[in-house]
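# Report on the structure
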Amino acid sequence: GTGGRPAAPGTRARWTIALTTLIRFAVDRASKWWVVEVLDLGHHLRIEVFPPYLTFVMAWNTGINFGLFQGYPETVRWGTVGVFCVISVALFWWTARRGDRWLALAGGVFAGGALGNAYDRVVYGAVADFLNMSCCGIDNPFAFNVADVAIFAGAAVLAWRA
């Protein structure tokens, strides 16, 4: 214990990023389980949720963002798993040292998303993308997932707060 003293900022930041990472990872896994297993999107391939603004479209991404480098599935698979794990560990230590709650939250959101996509690559060999959003006469050909949103949001807050 701390003998009645408040926890050091680094300790609080470590708990914050660890818990946030775990929650974001769980939310990502739950969303993918629901879409792939429960809704069976793999067989339906497309579910109009709120067209054209939100459609579920099954896409297994063996590449990086927007399907880049899909011609190198095994290199991309294990390379991104390694990069996501290294970045997640680095964010944990960096945010803990800084002791900033917002950085810890953003780092956890980013790491939870990164580890969610890394999990997909290890287990399935590809990332399960299923969210498609279009608007205003523009037909978006790309799909993404909850982890991608977390990675983008976490990176934005990290850049803003750092």
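Residues numbered from 1 in each chain as written. Predicted model: local features only at pLDDT ≥ 70, side-chain atom pairs only at ≥ 80, totals over all residues. Heavy atoms only, no water.

## What to know about the overall build of the protein chain
Within the protein chain, the secondary structure is distributed over five helices and three strands. Element order for the protein chain, N to C, with α for helix and β for strand: α-α-β-β-α-α-β-α. A burial count over the protein chain gives 39% of its 162 residues as buried. When contacts within the protein chain are restricted to residue pairs at least 6 apart in sequence, long-range pairs at least 24 apart make up 68% of them. In the form shown here, the protein chain has an accessible surface area of approximately 9400 Å², with 70% of it arising from carbon and sulfur atoms. (Helix = DSSP H or I, 4+ residues; strand = E, 2+ residues; numbered from the N terminus. Buried < 20%, exposed > 50% of the residue type's maximum accessible area, 1.4 Å probe, protein only. Contact = heavy atoms within 4.5 Å. Areas by Shrake-Rupley, 256 points an atom, 1.4 Å probe, with all protein chains shown as cover.)

## Focus: the packing of helix 4 (residues 101-124) against helix 5 (residues 146-161)
Viewed as axis vectors pointing N to C, helix 4 and helix 5 meet at an angle of 150°, and their least axial separation amounts to 7 Å. The orientation of helix 4 with respect to helix 5, classified from their angle, is roughly antiparallel. Note on packing geometry: the crossing formed by helix 4 with helix 5 is left-handed. Contacts from Trp102, Leu103, Ala106, Gly107, Val109, Phe110, Gly113, Ala114 and Asn117 in helix 4 reach Ala147, Asp148, Ala150, Ile151, Gly154, Ala155, Val157, Leu158 and Arg161 in helix 5. Class assignment for the residues of the contact of helix 4 with helix 5 results in 12 nonpolar, four polar and two charged. (Axes fitted to C-alpha atoms, helices over the stretch in contact; angles between N-to-C directions. Parallel < 35°, antiparallel > 145°, perpendicular 65-115°, else oblique. Left-handed = near helix turned anticlockwise from the far one by under 90°. Nonpolar A, V, L, I, M, F, W, Y, C, P; charged D, E, K, R; others polar.)

## A few points about the nonpolar core
Counting 13 residues, the largest nonpolar core has Leu91, Phe110, Ala114 and Leu158 as the members making the most contacts within it. Top contributing element to this core by residue count: helix 4, with six residues. With nine residues, the next largest nonpolar core counts Phe56, Ala128, Phe130 and Val146 among its residues. (Core = buried A, V, L, I, M, F, W, Y, C linked by side-chain atoms within 4.5 Å.)

## What about the sheet that holds strand 1 (residues 46-50)?
Spatially, the three strands line up as an open sheet ordered 1-2-3, and their pairing is antiparallel. Every other strand in the sheet has two partners, leaving strand 1 and strand 3 (127-132) as the edge strands with one partner each. Averaged over all neighbouring strand pairs, the angle between strand axes comes to 30°, with direction disregarded. Where strand 1 meets strand 2 (residues 54-61), four bridges bridge the pair, whose relative direction is antiparallel. (Pairing = 2+ DSSP bridges.)

## Structural notes on the state of the cysteines
Counting across every chain of the model gives one disulfide. Across the disulfide from Cys135 sits Cys136; the S-S distance is 2.5 Å. For Cys136, a relative accessible area of 68% gives the class exposed. (Disulfide = S-S within 2.5 Å.)

## What to know about helix 4
Side chains of residues three or four places apart in an α-helix project in the same direction, reflecting 3.6 residues per turn. Counted at 1.5 Å a residue, the expected span for helix 4 with its 24 residues is 34 Å, and the 34 Å between its end C-alpha atoms agrees. The N-cap residue of helix 4 is Asp100: its side-chain oxygen and the backbone nitrogen of Trp102 are 2.7 Å apart. (Expected span 1.5 Å × (residues − 1). Polar contact = N/O pair within 3.5 Å; in protein donor to acceptor, adjacent residues only side chain to side chain.)

## Examining the packing of helix 3 (residues 73-98) against helix 4
Where helix 3 contacts helix 4, the axes come no closer than 9 Å and their chain directions differ by 160°. Taken as axis vectors, helix 3 and helix 4 run roughly antiparallel relative to one another. Where helix 3 crosses over helix 4, the handedness of that crossing is left-handed. Looking at the contact of helix 3 with helix 4 residue by residue, the class counts come to 16 nonpolar, five polar and three charged.

## Re the confidence of the model for the protein chain
Summarising the model, the protein chain shows a mean pLDDT of 88, and 90% of its residues fall at 70 or more. Here helix 2 (residues 41-44) stands out as the least confident element of the protein chain, with mean pLDDT 84; helix 4 is the most confident, with 95. (pLDDT = per-residue confidence, 0-100.)

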